[in-house]
Every structure is written in structure tokens, then in C-alpha cells.
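# Structural overview
One letter stands for each residue in the lines below.
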Amino acid sequence: MSCSNGTYTDVVTMGETMALMKAVTPGPLAHAGSLGLGMGGAETNFAIALQRLGTSVTWLGRVGQDSLGDLVLREVAAEGLTTLGIRDPHAPTGLMIKERRTQEHLKVWYYRTASAGSRLAPEDVPVDAIQNAKLLHLTGITPGLSATAHQAALHAVTVAREAGVTVSFDLNYRAALWTEEEAGPVFRRFIEQADLVFAGDDEAEIAVGPGADSLQLAHKIAALGPHQVIIKNGPAGCVGVIDHAEYRQEAVRINAVDTVGAGDAFVAGYISDLLAGAPIQDRLHTAVRTGAFACLVPGDWEGMPHRHELELLDASEPVRR
């Protein structure tokens, strides 16, 4: 499969994106008078953030031949992604519903069993697009969706490795999909084949067991093969083990509105700077700023910043252009 417009992009990612319904105001969902309709998914959150930062990206995913599938494909195309959306006439587009019980407490229900996105298969993998990319990015969500999605992710990694394309893996554990015991061996298999790995402390422990601190966890992951390992710690910033050297980066202080998508934005910031040839500390600096920006508005991806907007986090006065 090749890109639909005959061109290739710097990054290829693949995974399920679902329709999203959420109440407009906090409170019990049972008493919500209306729900807003949108879409979201870790891979498209990442891809949109990457595209807004100026790095070209291709997204592959399956959606149903339904109106929710129309919504997903329209939104990602509107963001300028090269979209390889497969319409599945035999399964519906997945759905997630969010309840914000209070301003601080969010709960998500997933309706993705037997969804179109879970039917991703090895034959769907965009071989030409991956071979011509600089980087393939996957998350630990995709192999947890189904046996065929797991095989598709493994096939994509094999294609990338054989073509000399950099492989990035964000663990992104989802308890609704599988247990930690099921996920751990799968995470390790992908880590062993990745060049870059991103994880939170809790996710890293699923893969490599407990560590004394984030840096020790990063070293344990790096021992499996990746040259660059970044542990995301949210408001505490991040640490990294990159080519055996240790790095730390403080977070940007903000008043978070919605933290969903922040990790995906963080990864996009790091990868965009990596592909641009930026020094390591600059990559980490951009990553925490991009992640912070994603927290400033409600929504999974709507707040992803354009590169010129990153300076707004430093502005004490209005920025005039």
C-alpha cells in the first residue's frame, strides 16, 4: 500500500481512532442534557501534534462505513495528515464516552470490542510509506486491540527495521484492553526492536519490573536495546537515558484544564525536534512544552500547539504579531 496522494511523509503511525462523546459541563453523565461529538485516539493525537509542529506524518487506521467513520476521516484530513483510512463495511467505528464527574476527575467508557479499528491486520500495513519514512511510531494500545492488530504492529516494525527506518514505541498501557501480566511480555518484545521508547513510571514497571526511581527504570529499558529512553512524569517533567547518558528536564508550570493527550503531545515534540536534528536538551525542552500546551484546553488533540505558539508559555505580556 502506498500513500494515497503519491507522496511520502517523515513519520508513519497506525492505530485505532474512535468517535468521542462527552458532556459539555462537569457532573453525572446520567443527568447530562446533551453530549458533544468529536474524535480521539493516541496515534492521531500524536500525529496532529506532529503535523502542527511542522513534521509531515501519515496515519493508518480502520473505521466503520458509518457516519462516525466519516467524522474521524474528515477531522484527521482537515489537520493536514496523509490519511490511509480503511473503511470496514463489516464493523462499526469504535466509540468512547467521557464523564467529567468533577473538574478534576474524568472517567472514560470504551465501546471498541469488535470495532473496525480492532480489525487492523498485517495486510493493511502501508509498506511503501514505512520504507520511505524516517520514523515509524507505534503505541502499546494497538497490539492490545486484537490478535490481528498485534500482528499488524509486529509486521510494521519488521518492515521498518529491514528498511533502516527508526522505530519509536510509546507503551501507553490501557487497562481496559488487557492485564499487566498480558501486556508485559508484549511490551518487552516491542522495546527490544525499538530505537526510541517512551513510558510513564507505572508503564515502565509493567515491562521491566520495579525500579528505585525513573532513571533506574530508564536504564532497565535501555538494557533491552533502545538507544533513547524517555520516562514521562507529567508535572514532574521527565528523565532520559540517551546513548547511555542521563538527562533531566523540568516541566512547565501551568494550570491544567485537561491532561488527556499530553503524553502524545510530549512524544510528538521530542520526535519533531529529533528529526530536525536538534540537540538532546532542546528535544526534551520542546517535549515538555508541547505536552504542557495540550493541557490548556479541553479535548484530546484540539489544544496541540503550532511551533510558533510555544513561545506563548513564556509570555508575560500579550504576544503581538
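This section reports on the structure supplied with the text. Positions within a chain are numbered from 1, following the residues in the order the chain's sequence is written. With the structure being a predicted model, the display of local features is reserved for residues of pLDDT at least 70 and the display and counting of side-chain atom pairs for 80 or more, all residues being used for whole-chain, interface and lining totals. Only hydrogens and water are removed before side-chain values are computed, so all heavy atoms of the structure are retained for them.

Strands are runs of DSSP state E lasting at least two residues, helices are runs of H or I lasting at least four, and both sets are numbered from the N terminus onward. Checked against the element boundaries, Thr 9 lands in the segment before β1 (11–14). Only protein chains enter the calculation, and the probe is 1.4 Å; a residue is then buried if its accessible area is under 20% of its type maximum, exposed if over 50%, and partly exposed in between. You can call Thr 9 buried: its relative accessible area is 6%. Counting of polar contacts relies on pairs of N or O atoms within 3.5 Å, with two restrictions inside protein: one atom must be capable of donating a hydrogen and the other of accepting it, and residues adjacent in sequence are counted only when both atoms are side-chain atoms. Of the polar contacts made by the side chain of Thr 9, one reaches the backbone oxygen of Val 11; its length is 2.9 Å. Among the polar contacts listed, one links the side chain of Thr 9 to the side chain of Thr 58, at a separation of 2.7 Å. Contact partners of Thr 9, with chain neighbours within four places excluded, come to Ser 56, Val 57, Thr 58, Thr 82, Asn 132, Ala 133 and Lys 134. Between two residues, a contact is recorded if the distance between any of their heavy atoms is within 4.5 Å.

The next thing to look at is the environment of Ile 221. Looking at the secondary structure, you find Ile 221 in helix α8 (residues 214–222). When the C-alpha atoms of Ile 221 and Glu 192 are compared, they prove to be 8.7 Å apart, with 29 residues separating the residues in sequence. Other than its neighbours up to four places away in sequence, Ile 221 contacts Ile 191, Val 197, Ala 204, Val 208, Pro 226, Val 229 and Ile 231.

Turning to the packing of aromatic side chains, a few remarks are in order. Here a ring pair, both rings aromatic, is described through the centre-centre distance and the interplanar angle of the planes. Aromatic pairs are defined between Phe, Tyr and Trp rings, using the six-membered ring for Trp, whenever the two ring centres lie within 6.5 Å; interplanar angles under 30 degrees are classed as stacked, those over 60 as edge-to-face, and all others as tilted. Inspection of the entire model under this criterion finds 5 aromatic pairs. Ring plane angle 15° and centroid distance 5.2 Å describe the contact between Phe 169 and Phe 190, whose orientation is recorded as stacked. Of this pair, Phe 169 sits in strand β9 (residues 166–170) while Phe 190 sits in helix α6 (residues 180–193), placing them 21 residues apart in sequence. Phe 190 matches Phe 169 in its accessibility class, with the two residues each being buried. Each ring, one from Phe 198 and one from Tyr 270, has its centre 5.7 Å from the other, and the planes form 75°; the classification is edge-to-face. Of the two residues, Phe 198 is situated in strand β10 (residues 196–200) and Tyr 270 in helix α9 (residues 262–275); the sequence distance between them amounts to 72 residues. The class of Phe 198 is buried, set by a relative accessible area of 0%. Pairwise contacts between aromatic rings join Phe 169, Tyr 173, Trp 178, Phe 187 and Phe 190 into one cluster.

Burial within strand β12 (residues 238–242) is extensive, with 5 of its 5 residues counted as buried. What you see with β12 is no split at all: Cys 238, Gly 240 and Ile 242 on one side and Val 239 and Val 241 on the other are buried throughout. At least two DSSP bridges between two strands are required for those strands to pair. In textbook terms, the turn of a hairpin is the stretch between consecutive antiparallel strands, and for strand β11 (residues 228–232) and β12 this stretch comprises 5 residues, one of which, Gly 234, has a positive phi near 55°. The loop that links β12 with its antiparallel partner strand β13 (residues 245–249) comprises 2 residues; one of these, Asp 243, has a positive phi angle of about 50°.

Okay, the pattern of salt bridges next. Any carboxyl oxygen of Asp or Glu within 4 Å of a side-chain nitrogen of Lys or Arg constitutes a salt bridge here. In total, this model carries 13 salt bridges according to the counting rule given. Put simply, Lys 98 and Asp 300 hold a salt bridge, and the shortest N to O gap is 2.3 Å. Residue Lys 98 is located in strand β6 (residues 95–100), and its partner Asp 300 is located in the segment after α10 (280–294); the two are separated by 202 residues in the primary sequence. Judged by its relative accessible area of 5%, Lys 98 falls in the buried class. Judged by its relative accessible area of 4%, Asp 300 is buried. Here the residues in one salt-bridge network are Arg 62, Asp 88, Arg 119 and Asp 124, joined through shared partners.

Moving on to α6. The end-to-end C-alpha distance of α6, which contains 14 residues, comes to 20 Å, matching closely the 20 Å that a straight helix rising 1.5 Å per residue would cover. Where α6 is concerned, the buried positions are Ala 183, Gly 184, Val 186, Phe 187, Phe 190 and Ile 191. The span you would expect from a helix comes to 1.5 Å times its residue count less one.

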